[in-house]
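# Fold and contact review
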Amino acid sequence: MNYVHVDDAKDQPGLRLALTMGVPGPWSQSAKYLFEYKQYPFIAVGQKGAQENLELFAWTGHRNAPVAVFEDETPRVGWCEIVMLAERLAPEPRLVPVSSAERAEMFGLITEMASEGGLAWQRRLVMIDVMRAAITDPAARQLPNTLAGRYGYTSAGAARANGICADILAMLAARLETQAGRGSEYFVGDEFTAADLYWACFSQLVAPMAEDLNPMPKRLRGPYTAPETLFIDPILLEHRSKMYERYLSLPLEF
Ligand SMILES: N[C@@H](CCC(=O)N[C@@H](CS)C(=O)NCC(=O)O)C(=O)O
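A brief report on the enclosed structure follows. What you see is a predicted model; the values in this text were computed from it and never measured.

### Thoughts on the environment of leucine 19
Looking at the element boundaries, leucine 19 is found in strand β1 (residues 15-20). Through-space distance from the C-alpha of leucine 19 to that of methionine 1 is 9.9 Å; in sequence the pair is 18 residues apart. Not counting chain neighbours up to four residues away, the residues in contact with leucine 19 comprise Met1, Tyr3, Ser28, Ala31, Lys32, Phe42, Ala44, Val45, Gly46, Gln47, Ala65 and Pro66.

### Concerning the sheet that holds strand β3 (residues 67-70)
Strand order in the open sheet made by the 3 strands is β2-β1-β3, with mixed pairing throughout. Of all the strands in the sheet, just β2 (43-47) and β3 have a single pairing partner and so form its edges. Here the average twist between neighbouring strands, direction ignored, is 20 degrees. As judged from the 5 bridges shared by β1 and β2, these two strands associate in the parallel manner. In the strand pairing of β2, alanine 18 is matched with valine 45. Where helix α4 (residues 79-89) meets the sheet, its contacts fall on β1 and β3, and the angle it forms with β3 comes to roughly 35 degrees.

### Some details on the site of the ligand
Neighbouring residues of the ligand: 14 residues in total, closest Ala50, Ala65, Trp79, Arg150 and Tyr151. Note that an oxygen atom of the ligand is positioned 2.6 Å from one of the backbone N or O atoms of alanine 50. The contact in question runs from an oxygen atom of the ligand to an N or O atom on the side chain of arginine 150, over 2.7 Å. In isolation the ligand has 510 Å² of accessible area, and contact with the protein removes 85% of it. In this structure, the shell around the ligand is formed jointly by two domains, domain 1 (6-89) and domain 2 (100-247), each of which donates at least three residues.

### Some words on the packing of helix α9 (residues 194-202) against helix α11 (residues 234-247)
For the pair α9 and α11, interaxial distance at closest approach is 9 Å and the crossing angle is 110 degrees. When the axis of α9 is compared with that of α11, the two are roughly perpendicular. Mapping the contact onto sequence places Asp196, Trp199, Ala200 and Cys201 in α9 and Leu236, His239, Arg240, Met243 and Tyr244 in α11. Looking at the contact of α9 with α11, its residues break down into 6 nonpolar, 1 polar and 2 charged.

### What about the pairing of β3?
Residues Val67 and Val69 point to one face of β3 and Ala68 and Phe70 to the other, with burial holding for every one of them. Sheet topology places β1 next to β3; 4 bridges connect them, and they run antiparallel. By the bridge assignment for β3, leucine 15 is matched with phenylalanine 70.

Parameters and conventions
- Residues numbered from 1 in each chain as written.
- Predicted model: local features only at pLDDT ≥ 70, side-chain atom pairs only at ≥ 80, totals over all residues.
- Heavy atoms only, no water.
- Helix = DSSP H or I, 4+ residues; strand = E, 2+ residues; numbered from the N terminus.
- Contact = heavy atoms within 4.5 Å.
- Pairing = 2+ DSSP bridges.
- Axes fitted to C-alpha atoms, helices over the stretch in contact; angles between N-to-C directions.
- Near = heavy atom within 4 Å.
- Polar contact = N/O pair within 3.5 Å; in protein donor to acceptor, adjacent residues only side chain to side chain.
- Areas by Shrake-Rupley, 256 points an atom, 1.4 Å probe, with all protein chains shown as cover.
- Domains from an automatic or database assignment.
- Parallel < 35°, antiparallel > 145°, perpendicular 65-115°, else oblique.
- Nonpolar A, V, L, I, M, F, W, Y, C, P; charged D, E, K, R; others polar.
- Buried < 20%, exposed > 50% of the residue type's maximum accessible area, 1.4 Å probe, protein only.

Below, the structure is given as structure tokens:
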């Protein structure tokens, strides 16, 4: 990924996307693929995970990623507003269904993956626990401690997280089973939508793809991998493999 510094991006026209560098952060990966899939050009700006990102903050008011800045419009940070920006800038190929009923289904599914309290949010609470336990020297726990402060970590919350993840994963698998029963390989309707794209990216947070496809830092592979107690129905991983093969570039770039 060719990242540009904030100073070299902020006065440029068009779309600037701040993305987390060096890790397959699923929110950043999804934002990147939205625009890549639509072949809409953007300048990638590097965000450093769990750091202060002072220049990014001065420019956008945010320290984390993704942040999408189009021209002089308000920076967009929520996944939903970034999906809608992509759809506005490049209406074709569509990633949001025409039918309002299907839109409601699609946004509901992504909410369960990506919104506050959803699958990735819960996985991050567990990941913070795992990273803390792996670093024996408390003084060296700056990264997980920063994430803990940013994303509402409590040990009680982390203890509840696996149960919530299991429920969401079972719902997503059941959804794909139902769709398969009516002859569709996609989460919603009969076509590739943002829900399929988001699941491909967010699945990395429970079952990261192999090193050759997802060359993530070795020290993060453990924390990204779900515990064995969390059942991941094979249909979920078959689906994400198909989506990458058909629509999303591999290997992952970050
Ligand atoms: N704002 C996003 C969520 C963004 C988010 O959680 N970003 C994380 C994961 S990629 C992040 O930047 N973590 C590293 C950091 O805080 O520096 C949304 O609500 O859709």
